[in-house]
Amino acid sequence: QLHVGPESAGADPGPACYGGGGPLTVTDVNVALGRVLPEQFPFPLDRLAVQNRLEEICQQMETSSGKTYTSSELAQGFIEIANETMARAIRKVSIQKGFNPQDHLLISFGGAGGQHACAMARSLGVSTILIHPLAGILSAYGMGLADIRKREEVSILQTLSNQTQQRIETAWQGMEQRLAVEVEREVVDRNAILQPIRSLSLRYQGLESTIVIAEPKDGDFAAAYEVQHEQSFGYRHQNREIEVVTAIVEVVGQTSQGLLEKIASPLTLSPQGDGTKVVTKVWFKHQELQASIYLRDHLRPGLKITGPAIVCDAGSTVWIEPGFTCTVQADGSLLMMREREDEMLPADAALVETESEPDLVRLEVFNNQFASIAEQMGQTLQRTSVSTNVKERLDYSCAIFDAKGSLVVNAPHIPVHLGAMGETVQAILRDCPDLNPGDVIITNDPYAGGSHLPDVTVVTPVHDSESKELLFLTASRAHHAEIGGITPGSMPPFSKNLTEEGVLIRQLKLVDGGISHEADLHTLLESGRYPSRNVADNLSDVAAQVAANRMGSNLLLDLIESDGRDTVLNYMGHIQATASQKMKRALSEIPDAVYQRRDHLDDGSPICVKITIAGEKATIDFTGTGPVLSSNLNANRSIVTAACLYVFRCLINESIPLNGGVLEPLQIILPECLLNPPKRDDPAQCAAMVGGNVETSQRVVDVLLGALGKAAASQGTMNNLTFGDDSFGYYETICGGAGATLNAPGADAVHTHMTNTRLTDVEVVEHRYPVRIREFNIRSGSGGAGKHRGGDGIIRTFEFLKPLKVSLLMQRRAEFAPFGLEGGLPGAVGQNFLKKSGSRETQDVGGCVHLDVEAGDQLTIKTPGGGGYGVG
């Protein structure tokens, strides 16, 4: 596998070309491609060391894969992968902030930035690049010119109102006086102190993310905030109050005006010459080109340079690709423009590839491109959703599937979602064979690939614009904080059937050929015995999911337009085939044998697995697992598949996308049991499973890893806590201890395995809800002893400030502790205690309970530790 970064060679030993024995780096491959010129470098570069490193890798690749590359081809490949990796990060951050990179100019700085700026612009769709004449030392140059800035902020935490703004005015004035004194100590001229800059950090009531708004000229902070919120997140909340989080003041003292004038033009430009020195050979697009060399301090203003060309100065090197023109500005800056590539770029002499034999460079590039699309989907979903569950806790997932419903790539979101979504997509393809362009399907059916009812999945098919052939599907799954059921928050601890857990959506066409049927969804959410309590938020989050899918679909079609339909579809297959090959390789390294493990839920129900490894295949048999339960701890095939995908992906010690190829060498045998209840037409006759998704899934992972001997049991629960009343509801999952392994102790106080969400900050919980967190500590000693100790759980004590209803849905509270391996001791089980106000006595309330608490009551949750590994 070809990959780059994020490790750095640092200043010592530095890149291989520095001659200090360092590793091959991106700097080295730029030297190899002729884009960094040793004769223009401030010290001698070792070209031979670079060539030797590249040839070593070429030989390794030929030996291991049969693929042959020249050193130049390999260097070009590393550059392409590095460029796509950097562009992926830029896309993610830009979308997160509500900006489209194509609408902006790209500014490059750093000694190496100019070597990648053109490639970044092409990848991002940016047409204009600006490079400062001192780009190579821009940070140091900026520090030399930097104003003296002093900043202070104070906490407000009140609703924005006239009364609040009076308090803010007092706070601002006090901060301004203090900061002015501090700035006066550091500036030469007191008259250089500018007018203080005032701002407020604002958010809608109930949200965590804030936006800093500078004081508007008209003083209307609310209007300015709503404009900025709409730009960042795509919508405005109607009739929701705005909260002031902090008031901020910044006082600025300008640097010496004489100094500014002295260095305003950092370079002396040649009034006549064009700066051309010689030409050099460079490698680009798999061919050798002649590039002109220019010395930056000899360029005249207005000079136009056409790529391929290299511009050198004392601090940086700029590579101007074919297809770009560069105009020298009056201050020495380079303004580069991207021309029409079909006219300007040379013919691409790319390596010939076949459908069965991918080019390894392009394989890694496509890995990054597909993953970037999934990440952008996730950022769009988070940005446009309205619920705290999605926007703040990040309880959502996005992925891309091929036309057969097999997972191609996902963003690094929630493991229990990602493995299960493939089952959902395949069920839709099976039950809705007439999918057409413009369709959107919504479902939360646990018996058709869903996990539990709060997890709502939106699937969008993407068709060829001409042939109308189905090419792929985009999908997003989000945990809706409310979907109905017998308790607010739709996580009831004592549900007995699916009806009691909320509204069941069985593959509804939300959009049919471009025509919206949102009204049908609205009606469905309001129907049934236990309808949703917040249909407006349901519809808003579904709209965000549709928007995320649409973005993914458009980006995939853009990729087809740029790279060709056959190439994109082939590489979707190559990525899955590669994952399958790597999974088979990992299995072949495990001795052929039968590996078994049995564990129990707290009610004593067994979960059994027998894993038979035979060469490059594995059979995972859950025969012997207990019968369908009357409680809600039942799981389903998609949840079990997700757990298997997660565990066996962990056996591959390489960076590959999690995709359906991992499942190809695996056979899952799942009889009717608590992991596979039968489907009924009537939801009231279907087994409940809201707890199976969050709790039983964790136990399945423990038995799989334990059977393979890879890790002792982790806490085995998500520690689900809900509390509220008729006016609000709050839900969180709580961290615990991770199981130890052969090579390392378990981590303390982490969300383990099938969950990947946040735990709300203490300050946020206390500010928003009528509770106080009296204790939040590591539960020292709760991890199992061993050569490698299990991770410790935590202690979290809530004091309730008003009467509330509290629900706990937690496992590992009984005799079945998180097991150790190879002589390691088990971790401690969890404990939940309630102490009534005014009493010294505590009551053990168990792991599955509904409580009515009063003001002053305290609930202490002690989460389980992980098992130890080996004899200590």
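Residues numbered from 1 in each chain as written. Predicted model: local features only at pLDDT ≥ 70, side-chain atom pairs only at ≥ 80, totals over all residues. Heavy atoms only, no water.

1. Remarks on the overall build of the protein
A tally of helices and strands in the protein yields 18 helices and 33 strands. Computed over its C-alpha atoms, the radius of gyration of the protein comes to 30 Å, within 12% of the 29 Å expected for a compact globule of 872 residues. Reported as C-alpha extents along the three principal axes, the dimensions of the protein are approximately 90 × 75 × 65 Å. The buried share of the protein, taken over its 872 residues, is 54%. For the protein, contacts bridging at least 24 residues in sequence account for 69% of all contacts bridging at least 6. (Helix = DSSP H or I, 4+ residues; strand = E, 2+ residues; numbered from the N terminus. Rg over C-alpha atoms; globule rule 2.2 N^0.38 Å. Buried < 20%, exposed > 50% of the residue type's maximum accessible area, 1.4 Å probe, protein only. Contact = heavy atoms within 4.5 Å.)

2. Description of the packing of aromatic side chains
Applying the stated criterion to the full structure yields 14 aromatic pairs. An angle of 65° between the planes, with centres 6.2 Å apart, marks the rings of Phe723 and Phe798 as edge-to-face. Within this pair, whereas Phe723 is found in strand S25 (residues 720-725), its partner Phe798 is found in strand S28 (residues 793-800), the two being separated by 75 residues in sequence. Taken together, a centroid distance of 5.9 Å and an interplanar angle of 75° make the contact between Phe723 and Phe800 edge-to-face. Of the two residues, Phe723 sits in strand S25 while Phe800 sits in strand S28, which places them 77 residues apart along the sequence. Members of the aromatic cluster, joined through ring pairs, are Phe723, Tyr730, Tyr769, Phe798 and Phe800. When the ring centre of Phe819 is taken as reference, the NZ or CZ atom of Arg597 above it lies at 3.9 Å. For Arg796, the ring lying beneath its charged end belongs to Phe776, and the centroid distance is 4.6 Å. (Phe/Tyr/Trp six-rings, centres within 6.5 Å; stacked < 30°, edge-to-face > 60°. Lys NZ or Arg CZ within 6 Å of the ring centre and 35° of its normal.)

3. Examining the sheet that holds strand S22 (residues 606-614)
The 4 strands lie next to each other as S21-S22-S23-S24, forming an open sheet whose pairing is mixed. Looking at the sheet topology across the chains shown, the edges are occupied by strand S21 (593-600) and strand S24 (666-669). Averaged over all neighbouring strand pairs, the angle between strand axes comes to 15°, with direction disregarded. In the sheet, S22 pairs with strand S23 (residues 617-621) via 5 bridges, with the strands oriented antiparallel. Of the residues in S23, the one forming a bridge with Thr612 is Thr619. Relative to the sheet, helix H17 (residues 690-708) contacts S21, S22 and S23, its axis offset from that of S22 by approximately 40°. (Pairing = 2+ DSSP bridges. Axes fitted to C-alpha atoms, helices over the stretch in contact; angles between N-to-C directions.)

4. Topic: H17
In a regular helix each residue adds 1.5 Å, so 19 residues correspond to 27 Å; H17 covers 28 Å between its end C-alpha atoms and thus fits that length. In H17, a bend of some 35° at Thr696 exceeds every other bend along the element. Judged by how many residues are buried, H17 sits mostly within the fold: 19 of 19 residues are covered. (Expected span 1.5 Å × (residues − 1). Bend = angle between axes of the 7 residues up to and from the residue.)

5. Focus: empty space enclosed by the protein
Under the counting rule described, the total for this entry stands at 2 cavities of 30 Å³ or more. Along the walls of the largest cavity sit 17 residues, with Asp395, Ile414, Val694, Met718 and Thr755 positioned nearest its centre. Of all the secondary structure elements, the ones that give two or more residues to the lining of the largest cavity are helix H12 (415-431), H17 and strand S26 (728-733). Across the lining of the largest cavity, the residue classes tally to 6 nonpolar, 8 polar and 3 charged. The calculated volume of the second largest cavity comes to roughly 50 Å³. (1 Å grid on protein atoms, 1.4 Å probe; cavity = no way out; pocket = protein on both sides within 12 Å on 5 of 7 lines; lining within 4 Å. Points joined across faces, edges and corners; volume = space filled by probe spheres on them. Nonpolar A, V, L, I, M, F, W, Y, C, P; charged D, E, K, R; others polar.)

6. Some points on the pattern of salt bridges
Tallied over the full model, the rule gives 32 salt bridges. Note that Arg362 is salt-bridged to Asp563, the shortest N-O span being 3.2 Å. Taken together, the residues Arg362 in helix H10 (residues 360-384) and Asp563 in helix H14 (residues 535-563) connect sequence positions 201 residues apart. Classification of Arg362 by relative accessible area gives partly exposed; the value is 23%. Here Asp563 falls in the partly exposed class, since its relative accessible area comes to 25%. The structure contains a network of salt bridges with shared partners spanning Glu169, Glu176 and Arg198. (Salt bridge = Lys/Arg side-chain N within 4 Å of Asp/Glu carboxyl O.)

7. Some words on the environment of Gly142
Within the secondary structure layout, Gly142 lies in helix H5 (residues 138-145). Residue Gly142 is classed as partly exposed on the basis of its relative accessible area, which comes to 34%. In this structure, the C-alpha to C-alpha distance between Gly142 and Val4, residues 138 residues apart in sequence, is 30 Å.

8. Concerning a nonpolar patch on the surface
Where nonpolar side chains cluster on the molecular surface, the patch consists of Leu105, Ile107 and Phe109 and spans about 310 Å² of accessible area. In this fold, Phe109 is placed in the loop between strand S1 (106-108) and helix H4 (113-124). (Patch = residues over 30% accessible without salt bridge, like charges linked within 9 Å, V, L, I, M, F, W, Y side chains within 5 Å. Areas by Shrake-Rupley, 256 points an atom, 1.4 Å probe, with all protein chains shown as cover.)

9. A look at the pairing of strand S29 (residues 804-809)
Burial runs high along S29: 5 of the 6 residues are buried. The pairing of S25 with S29 spans 5 bridges and is antiparallel. Bridge pairing links Gly724 to Lys805 in S29.

10. What about the confidence of the model for the protein?
Confidence in the prediction for the protein averages 90 pLDDT; 95% of positions are at 70 or higher. Counting contacts from residues 258-266, a segment whose pLDDT is below 50, to residues more than four positions away or on other chains yields 10 contacts. Between residues 342-354, whose pLDDT stays under 50, and residues either more than four places distant or in other chains, the model counts 26 contacts. (pLDDT = per-residue confidence, 0-100.)

11. Some remarks on the side chain of Thr696
Relative to the assigned elements, Thr696 resides in helix H17. In this structure Thr696 comes out as buried when scored by relative accessible area, which is 0%. For Thr696, the side chain forms a polar contact with the main-chain oxygen of Leu633, separated by 2.5 Å. The residues contacting Thr696, other than those within four sequence positions of it, are Leu601, Ile607, Leu633, Ala635, Leu674, Leu675 and Gly691. (Polar contact = N/O pair within 3.5 Å; in protein donor to acceptor, adjacent residues only side chain to side chain.)

12. Notes on the sheet that holds strand S33 (residues 858-862)
With antiparallel pairing, 5 strands are arranged side by side in an open sheet as S27-S28-S33-S30-S31. Strands with a single pairing partner mark the edges of an open sheet, and in this sheet they are strand S27 (771-779) and strand S31 (843-844).

13. Side note on the side chain of Glu482
As for its placement among the helices and strands, Glu482 is situated in the loop between strand S18 (470-479) and strand S19 (508-512). Only 3.0 Å separates the side chain of Glu482 from the backbone nitrogen of Gly489, close enough to count as a polar contact. A polar contact of 3.5 Å, which involves the side chain of Glu482, links it to the side chain of Ser490. Residues in contact with Glu482, not counting those within four places in the same chain, are Pro488, Gly489, Ser490, Pro531, Ser532, Arg533, Asn534 and Asn538.

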